[in-house]
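What follows is each chain in one-letter form.
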Amino acid sequence: MLKPHVLLNQQSSCPFAAKSTVLFPWHTPFASNKLIDRKRENRSIKKNAHKVQCCVRGESSKLNAVASPSVPAPLAASSSGKTIKIAATVIVQITDEGLLDYIDNIMGRKIILQLVPAEKNSQKPVRGKAYKKGMEDDNDIEYKCELDVPEGFGEVGGVLIENKHTKEIYVRRVYLDGFDDGRITVSCKSFVEPSTKEKTINRIFFTNKSYLPSQTPSGLLEYRADDLFALRGNGTGERKFGDRIYDYDVYDDLGNPDKYKDPEKDKDLIRQVLGGSSEFPYPRRCRTGRPHCKNDKYAESIPEGNFYVPRDEEFSEVKMESHTEKTESGTRHAFVPGLKNLFIGNELGFPYFTAIDELFNEDDDLSEEFQKKLKNIFRKIVTFLPFTAKEVLRFGTPQLLDRDKFVWIKDEEFGRQTLAGINPLSIQLVEEWPLKSNLDPAIYGPPESAITTEVVEMVMLGRITVEQAIKEKKLFVVDYCDLLLPYVYKVRDLGRTNLYGTRALFFRTPLNTLKPIAIELVRPKGRGKDQWKEVYLPGWDSTSGWLWKLAKAQFLALDSGYHQLISHWLRTHCSVEPYVIATNRQLSALHPIYRLLKPYLRYTMKINALARQGLINADGIIESTFSPGKYSMEISSAAYKELWRFDHEGLPADLIKRGMAEKDPNSSTGVKLTIEDYPYANDGLILWTSIKEWVKAYVNHYYPDASLIESDYEINNWWTEIRTVGHGDKKDEPWWPKLENQDDLTEILVTIIWVASGHHAAVNFGQYDYAGYIPNRPTISRTKMPNEEKTDEVWKSFLSRPEDEILSCYPTPTQAAKVLATLSALSNHSPDEEYIGQEPEPSWAEDEVINRAFEKFHNRMLELEGIVDVRNSDHKLKNRTGAGVMPYQFFKPKSEPGITSKGVPNSVSI
């Protein structure tokens, strides 16, 4: 697939536009702006880079009178000659000691600092050489030097750092002590590459004072533009580890058609490119620039190592160790179920329900029979295994199973989890009757649902009519029919998996709980067959009771796929990545909105890159363990096309769209809930309104007048790039919010922060505890319903042993183990997790107004913690309390490390 790139030649009121021809490059197939000659641009970049090197080394006296884009030329010295001594301390994070570190220490490698004045002045550059002097704490090294700063130097606007070591360093912060106004702290939190003989690298780090573009001091103007320009790149070449370039691309690396070097085998690993077309629209990912595959000219090749992300988007060492340990632990736990499949066959499921229980460490030891088989058949291979060490070979018991072993059977729990489980985003109010599909009946069959008025009123025993129930807002539905029906035959052709169009109907009881009353499964017409649809009801006899359990398993498998692919991946991970890219490309590190958003975008690009390598890729975890198989990502593209709207991603708008709330100006949250006991919405709305109060105070502080937003070309370019590039396949939609005043900007920012924090926490961190026990939330249905094609043999088998029918529908032991290992890693909090409202960014803390606003936000998070505890002890709230019921804690802001089913990290970080 061709990937055209163009550059946006910014024609704004930028005060330094005349000095820098191309300040805002846009590499996108959607921009219609004037093309810029690429060769001329590259020559300019090389020329400017050469000037920077010469200036820093003092190699060219001719350049001393010429301003470089990166380093202003030194001007005449102060006539007074008076200076003050400033103690500079650079805090560098310790990395694993190695030969290079040893050599660096012996040779006295250094860090060169240069102070950058906020306003241009007539002083010489103030430089110093900082050497390693000691430790700040167990994790950080101090580099120190003294700087002689002329009296008339003025306010410090930033520091230039040059790394003279032989490898990169991670700079946490710089302290400057000795100024009359006290210590200046420059927060860095970034990797700095080493300079070489061929290339001198000076990184600018600004002080913690934020500026809108129009307010930028004269001494920082060119640094501001130049730093942004470096982060955008030029849209060409393959990105390498250590690069800091942010750019866009389509999802063309989900397949791996060169894996086996055999065209016949590799064709099964070709996947549809997502993004860049009206048929398969999608958000954009980070561009890596890898070459295309030999067996698929539209696909990007897969590297042997990790996928590229900009250097500062990589996990910290602590985060990577935690993620790796959890992943390896899950793999180790998956070893036993994998061996079991060798004994019973890859296509066979669990032989009995107690075999599922053996996945977990609630029993003392592995079964004696299984140990014997392991020892006899695999003695030489697995002699290293400590058979009595249950914690090595088994998964931890999910909290849901630990509380109630029979939870999966209960209809009341089925209903409760639609409001308080890990996918509370699909339930919606029934506002039109009868239920029907919007798909073409000529292709898929009659659109009317088989859940008729007569069926519903029969289940309700005539106590209420459908008309009355709809009027009183008592009927609710989860409906996946239109999304899944186009894929039913495609998925069935894969073998070993099954798909239906499906919907489930619920009735709101006087206790504000949901009672499931019907599940519909639909097979569209096609392949010479008529449309088949069947409604299953809670059983009044043994046969209908088991059919209901089977229908629930089918529905829950499809709900699990929707949750993982759409509620989780698409609406958080995938949709947030363009916000990360645009923020780094269009907002300077000096910009107050960049500094607001930065903690809420942490680690997202890295975890998404890991997902493309092992989770959502061809033959990855999702494809091998969820019902849609190789069509999983295509279905997420279909959902993006039909369902995703930025203006509906905020919590109140989402609830109103689904009929789960209505606007209420008298409510503190702005809405009134349709179901009063809706834990996701109850707690989530407190978090939403708290975020909104915090962001509104922040925005109004920096933008006291709407005209400042209009004149801020960085924030306008940022929002334009998100709409027309990051989510460019939807650039022409009329629903995109406008950016004209403070309220517009606040709503946009709150939506982004909510999705990255609250929304993601609600659908992610409870996955192991809720979905770890396979019968509660199976990920795949491997068989059809026994009455779809009711042969005598199938029906007889079902009647004689219905338990076997449901077990054969569930994932195999190997599939289950893969799912458990994955959910264990995804549900885990890292020790270095940053939780919402807990710690202020340095730039927030140093601004008195912003610090007060954050303190208020922090206190609101403490209040939310207490509110959640109180609600979880209120026995009138049946959706979060009761016998065997898991308390709803997903919006408790803080958590200890590990799997806790609580805690709201700032960002999509796992």
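Up top is the structure these notes are about.
Residues numbered from 1 in each chain as written. Predicted model: local features only at pLDDT ≥ 70, side-chain atom pairs only at ≥ 80, totals over all residues. Heavy atoms only, no water.

**Q** So what's going on with the packing of aromatic side chains? Which residues, and what values?
**A** Each aromatic ring pair is specified by the distance between its two centres and by the angle formed by the two planes. This structure, assessed with the given rule, holds 38 aromatic pairs. Taking 5.4 Å as the distance between ring centres and 75° as the angle between the ring planes, the aromatic pair formed by Trp 694 and Phe 854 counts as edge-to-face. Of the two residues, Trp 694 is situated in helix 23 (residues 679-702) and Phe 854 in helix 32 (residues 848-871); the sequence distance between them amounts to 160 residues. An aromatic cluster of three or more residues is present, and its members are Tyr 251, Tyr 282, Trp 569, Tyr 579, Tyr 640, Trp 644, Phe 646, Trp 718, Trp 719, Trp 735 and Trp 736. The positively charged end of Arg 183 is found above the aromatic ring belonging to Tyr 175, 3.9 Å away from the centroid. The cationic tip of Lys 790 hangs over the ring face of Trp 795; the distance from NZ or CZ to the ring centre is 4.0 Å. (Phe/Tyr/Trp six-rings, centres within 6.5 Å; stacked < 30°, edge-to-face > 60°. Helix = DSSP H or I, 4+ residues; strand = E, 2+ residues; numbered from the N terminus. Lys NZ or Arg CZ within 6 Å of the ring centre and 35° of its normal.)

**Q** Tell me what's going on with the sheet that holds strand 11 (residues 428-429), and back it up with residues and numbers.
**A** The strand order across the open sheet formed by five strands is 11-12-13-14-15, and the pairing between neighbours is antiparallel. Looking along the sheet, the strands with just one partner apiece sit at the ends: strand 11 and strand 15 (532-536). Where strand 12 (residues 475-479) lies against strand 13 (residues 501-508), five bridges are found, and the strand directions are antiparallel. If you follow Asp 479 over to strand 13, its bridge partner there is Arg 503. Sitting on the sheet, helix 11 (residues 411-420) touches strand 13 and strand 14 (514-523), and the angle it makes with strand 14 is about 85°. Sitting on the sheet, helix 17 (residues 542-586) touches strand 12, strand 13, strand 14 and strand 15, and the angle it makes with strand 14 is about 80°. (Pairing = 2+ DSSP bridges. Contact = heavy atoms within 4.5 Å. Axes fitted to C-alpha atoms, helices over the stretch in contact; angles between N-to-C directions.)

**Q** Can you lay out the pairing of strand 2 (residues 110-117) for me, pointing to particular residues and giving the numbers?
**A** Each regular strand shows side chains that alternate between the opposite faces of the sheet. Of all the eight residues making up strand 2, eight are buried; the element is thus mostly covered by neighbouring parts of the structure. A two-sided burial pattern is seen for strand 2, the buried positions comprising Lys 110, Ile 112, Gln 114 and Val 116 on one face and Ile 111, Leu 113, Leu 115 and Pro 117 on the other. The pairing of strand 2 with strand 3 (residues 126-135) spans six bridges and is classified as antiparallel. Bridge pairing in strand 3 links Leu 113 to Gly 128. By the bridge criterion, seven bridges tie strand 2 to strand 5 (residues 156-163) in an arrangement that is antiparallel. (Buried < 20%, exposed > 50% of the residue type's maximum accessible area, 1.4 Å probe, protein only.)

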